[in-house]
Amino acid sequence: MDSLDRVVKPKTKRAKRFLENRAPKLTENTKNAMFIKGGNANSTVTEALKDIYALKKPFAVLYKKKNITRPFEDQTSLEFFSKKSDCSLFLFGSHNKKRPNNLTIGRMYDYHVLDMVELGIEKFVHLRDFKNSKCPEGTKPMLIFAGDAFDLSEDHRRLKSLLIDFFRGPAVPSVRLAGLEHVLHFTAVDEKIYMRSYKVLLKKSGCKIPRIELEDMGPSLDLVIRRTHLASDDLYKLSLKQPKALKPKKKKNISHDAFGTKYGRIHMQKQDLDKLQTRKMKGLKKRPAEMKTGNEHSPKKAKLG
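**Describing the overall build of the protein**
Along its length, the protein carries seven helices and twelve strands. The proportion of buried residues among the 305 residues of the protein is 29%. Just so you have it, the protein exposes about 22400 Å², and 54% of that area is on carbon and sulfur atoms.

So, in structure tokens, the structure goes:
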């Protein structure tokens, strides 16, 4: 049995807290990403890993030593590192003659590889080459996807889902305007993916709403899709399954339309409309002749002597 698979009983309170943090929860922790260099990673791949790691911090782990592994042929080492560092996302960098400047981005499900996409770097501009101020560490980015390919191609659609999972950051209950200061823009054009990073500048506009400008902050990457390893539809559907405790309880007789308007249905007993009290108006009163005609037709009651 693998040392990471056996049941471990904690001996100290610190170890108990550590195991409780790793245990399954209804609301999972923020997904961490691990950054791994291959055995022959060059300077371009290494710098790209460091720059993307800087955008992902503090929810990231950077392995500085080289690891000789090939994700598309053997995934055991990635699964081992995933379980060791409790990371469900990974970015693996490698370089060889057949596939130069290679980045493999992927995600795990139950410590097994779910989706994996291999991207080739055609152009890379370092984070340090942009001489301006950067966003603080841990800033939650706004993600923008442009291009019809993200909706038409299955590989691009799954890559979009993977990039959202990778860069979305922690779930927050509310957002303040000053905290929206980082934008990641992905454009799909001519079988290429252009990744750009911008800093949001709030300028004075003379009114309550500020004027917004985008300043290129880096890094900048031009990528091309090479190989893909996508999960089957059944496994992908299983990975999206939510526990019953998190699903909102359905309320009876309440529905919503396309615009979000709330409608309710009320069940009432059958009403006798003849006995319904209406508004009294002079125009609705019976005339004396009508009352006399009504009395003639109505049978007289016999007196009881």
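Right, picking up where we left off after that structure.
**A few points about the environment of Glu 47**
For Glu 47, the position within the fold is in helix H2 (residues 43-56). C-alpha of Glu 47 to C-alpha of Leu 127: the two residues are 80 residues apart in sequence and 9.0 Å apart in space. With sequence-adjacent residues up to four places away left out, Glu 47 is seen in contact with Phe 124, His 126 and Arg 128.

**Regarding the pattern of salt bridges**
Summed over the entire model, instances satisfying the criterion amount to 14 salt bridges. In this structure, Arg 70 and Glu 73 form a salt bridge, with 3.6 Å as the shortest nitrogen-oxygen distance. Each member of the pair Arg 70 and Glu 73 is classed as exposed. Members of the salt-bridge network, linked through shared partners, are Lys 31, Arg 107, Asp 115, Glu 154, Arg 157, Arg 158 and Asp 165.

**A short note on the confidence of the model for the protein**
The predicted model of the protein averages 83 in pLDDT, with 90% of residues at 70 or higher. Considering each helix and strand of the protein separately, the mean pLDDT is smallest for helix H7 (residues 288-297), with a value of 64, and largest for strand E7 (residues 182-189), with 92.

**Quick look at a nonpolar patch on the surface**
On the surface, Leu 177, Leu 202, Ile 212 and Leu 214 cluster together to form a nonpolar patch covering roughly 390 Å² of accessible area. Among the structural elements, Ile 212 can be located in strand E9 (residues 211-216). Residue Ile 212 is classed as exposed on the basis of its relative accessible area, which comes to 55%.

**Structural notes on the layout of surface pockets**
Taken as a whole, the second largest pocket spans an internal volume of roughly 320 Å³. If you go around the second largest pocket, you meet 17 residues; those closest to its centre are Asn 40, Thr 69, Arg 70, Ser 94 and Asn 96. The set of elements that each furnish at least two residues to the lining of the second largest pocket consists of strand E3 (89-94) and strand E4 (102-109). For the lining of the second largest pocket, the class distribution of residues is four nonpolar, eight polar and five charged.

**What to know about H2**
The terminal C-alpha atoms of H2, which comprises 14 residues, lie 20 Å apart, in line with the 20 Å expected from a rise of 1.5 Å per residue. Of all 14 residues making up H2, ten are buried, and the element is well covered by its neighbours.

**Quick notes on the nonpolar core**
Across soluble globular proteins, you tend to see nonpolar side chains buried next to one another. Formed by 33 residues in total, the largest nonpolar core has its most connected members in Phe 35, Leu 91, Leu 103, Ile 105, Phe 166, Phe 167 and Leu 221. With six residues, the top contributor of residues to this core is H2. Apart from residues no more than four positions distant in its own chain, Phe 167 is found in contact with Ile 52, Lys 56, Pro 141, Leu 143, Leu 184, Phe 186 and Met 195. Counting eleven residues, the second-largest nonpolar core is a separate cluster that includes Leu 78, Phe 92, Met 108 and Met 116.

**A closer look at the packing of aromatic side chains**
Here a ring pair, both rings aromatic, is described through the centre-centre distance and the interplanar angle of the planes. In this structure the tally under the stated criterion is eight aromatic pairs. Following the ring pairs from residue to residue traces out a cluster consisting of Phe 35, Tyr 53, Phe 145, Phe 150, Phe 166, Phe 167 and Phe 186. Taking the ring centre of Tyr 236 as reference, the NZ or CZ of Arg 158 above it sits at 4.1 Å. Directly above the ring of Phe 72 sits Arg 227, whose terminal nitrogen or CZ lies 4.4 Å from the centroid.

**Quick notes on helix H5 (residues 154-167)**
For H5, built from 14 residues, the straight-helix expectation of 20 Å at 1.5 Å per residue is met to within 8% by its first-to-last C-alpha distance of 20 Å. When we look at burial in H5, the residues that qualify are His 156, Arg 158, Leu 159, Leu 162, Leu 163, Asp 165, Phe 166 and Phe 167. With a side-chain oxygen positioned 3.4 Å from the backbone nitrogen of Asp 155, the residue opening H5 is Ser 153. Of the residues trailing H5, Gly 169 is marked for its positive phi of about 80°.

Rules used in this analysis
- Residues numbered from 1 in each chain as written.
- Predicted model: local features only at pLDDT ≥ 70, side-chain atom pairs only at ≥ 80, totals over all residues.
- Heavy atoms only, no water.
- Helix = DSSP H or I, 4+ residues; strand = E, 2+ residues; numbered from the N terminus.
- Buried < 20%, exposed > 50% of the residue type's maximum accessible area, 1.4 Å probe, protein only.
- Areas by Shrake-Rupley, 256 points an atom, 1.4 Å probe, with all protein chains shown as cover.
- Contact = heavy atoms within 4.5 Å.
- Salt bridge = Lys/Arg side-chain N within 4 Å of Asp/Glu carboxyl O.
- pLDDT = per-residue confidence, 0-100.
- Patch = residues over 30% accessible without salt bridge, like charges linked within 9 Å, V, L, I, M, F, W, Y side chains within 5 Å.
- 1 Å grid on protein atoms, 1.4 Å probe; cavity = no way out; pocket = protein on both sides within 12 Å on 5 of 7 lines; lining within 4 Å.
- Points joined across faces, edges and corners; volume = space filled by probe spheres on them.
- Nonpolar A, V, L, I, M, F, W, Y, C, P; charged D, E, K, R; others polar.
- Expected span 1.5 Å × (residues − 1).
- Core = buried A, V, L, I, M, F, W, Y, C linked by side-chain atoms within 4.5 Å.
- Phe/Tyr/Trp six-rings, centres within 6.5 Å; stacked < 30°, edge-to-face > 60°.
- Lys NZ or Arg CZ within 6 Å of the ring centre and 35° of its normal.
- Polar contact = N/O pair within 3.5 Å; in protein donor to acceptor, adjacent residues only side chain to side chain.

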